[in-house]
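# Chain and residue survey
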Amino acid sequence: MNWVILIIAGFFESGFAFCLGKMKEVTGLAYYLWGAGFLISLALSMILLAKAVQTLPIGTAYPVWTGIGAVGTVILGIVFFHEPVSFARLFFITTLIASIIGLKLVSH
C-alpha cells in the first residue's frame with residue numbers, strides 16, 4: 001500500500017510543478033488560484049511521502065518520488081506547455097522510468 005501512496009505523492013509533485021508553470025502564464029486572481037493549487041499539491045506530496053517512508057527505505061522512496069515527479073513534469077511540459085520533444089529527451093525519460101521500476105524491483 002505504501003508503494004501506491006508513494007506513486008500518488010509523485011503525481012502531486014508533478015502537480016505542484018505544473019501549477020508553477022501555469023502561474024508563469026497568468027496574472028490576477030488566476031495567479032493566486034494556481035498558487036493555491038501549488039501549495040495544496042506541495043503539502044499533499046510531502047505528507048504522502050512522509051507516510052510512505054514509514055515503511056519504505058528513504059534511499060529508495062525519495063529517488064522514486066523525485067523520478068515520478070520528474071517524468072510527470074516533463075510529460076506535462078510537452079503536452080501543456082509545448083516544450084520540445086526530441087529523441088534524446090524521450091530516451092532519457094525512458095531510462096528514468098526504467099530506473100524507477102528497477103528500484104522498485106530490488107527493494108524489499
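Our structure's up above, just so we're on the same page.
First, a word on scope: everything that follows refers to the structure included in this document.

Reading guide: rules and limits
- Residues numbered from 1 in each chain as written.
- Predicted model: local features only at pLDDT ≥ 70, side-chain atom pairs only at ≥ 80, totals over all residues.
- Heavy atoms only, no water.
- Helix = DSSP H or I, 4+ residues; strand = E, 2+ residues; numbered from the N terminus.
- Buried < 20%, exposed > 50% of the residue type's maximum accessible area, 1.4 Å probe, protein only.
- Contact = heavy atoms within 4.5 Å.
- Areas by Shrake-Rupley, 256 points an atom, 1.4 Å probe, with all protein chains shown as cover.
- Core = buried A, V, L, I, M, F, W, Y, C linked by side-chain atoms within 4.5 Å.
- Phe/Tyr/Trp six-rings, centres within 6.5 Å; stacked < 30°, edge-to-face > 60°.
- Expected span 1.5 Å × (residues − 1).

The helix and strand tally for the protein chain stands at four helices and zero strands. Element order for the protein chain, N to C, with α for helix and β for strand: α-α-α-α. When burial is assessed residue by residue, the protein chain has 34% of its 108 residues classed as buried. Of the contacts made within the protein chain by residues no fewer than 6 positions apart, 71% connect residues no fewer than 24 positions apart. Accessible area of the protein chain: about 6,600 Å², with a carbon and sulfur share of 77%.

Turning next to the environment of Gly 69. Position of Gly 69 among the secondary structure elements: in helix 3 (residues 58–80). Using a relative accessible area of 2% as the deciding quantity, one classes Gly 69 as buried. Expressed as a C-alpha distance, the spacing of Gly 69 and Ala 52, which sit 17 residues apart in the sequence, is 15 Å. Apart from the residues lying within four places of it in its own chain, the contact partners of Gly 69 are Gly 10, Glu 13 and Ser 14.

With that settled, consider the nonpolar core. Counting residues in hydrophobic clusters, the biggest one holds 16 residues, and the most contacted among them are Trp 3, Leu 6, Ala 52, Leu 56, Val 64, Trp 65 and Ile 100. With seven residues, helix 3 is the single largest residue contributor to this core. If we skip the residues at most four places from it in the chain, Ile 100 touches Val 64, Gly 67, Ile 68 and Val 71.

A few words on the packing of aromatic side chains. Tallied over the full model, the rule gives eight aromatic pairs. Seen in terms of ring centroids, Phe 18 and Trp 34 are 5.7 Å apart; in terms of plane orientation they differ by 80°. Their pairing is edge-to-face. Separated by 16 residues along the polypeptide, Phe 18 in helix 1 (residues 2–23) and Trp 34 in helix 2 (residues 29–52) bring together distant segments of the chain. On the basis of relative accessibility, which here comes to 28%, the residue Trp 34 falls in the partly exposed class. Relative to Phe 92, the ring of Phe 91 has its centre 5.0 Å away and its plane inclined at 75°; by these criteria the two rings are edge-to-face. Residue classification places Phe 91 among the partly exposed residues on the basis of a relative accessible area of 40%.

Another point: helix 3. Taking 1.5 Å per residue as the helical rise, helix 3 with its 23 residues ought to reach 33 Å, and the 32 Å between its terminal C-alpha atoms agrees with that figure. Residues of helix 3 that are buried: Thr 60, Ala 61, Val 64, Trp 65, Gly 67, Ile 68, Gly 69, Val 71, Gly 72, Val 74, Gly 77 and Ile 78. The inward-facing, buried residues of helix 3 contact helix 1, helix 2 and helix 4 (87–106). Looking one or two places after helix 3, you find His 82, whose phi comes out positive at around 55°.

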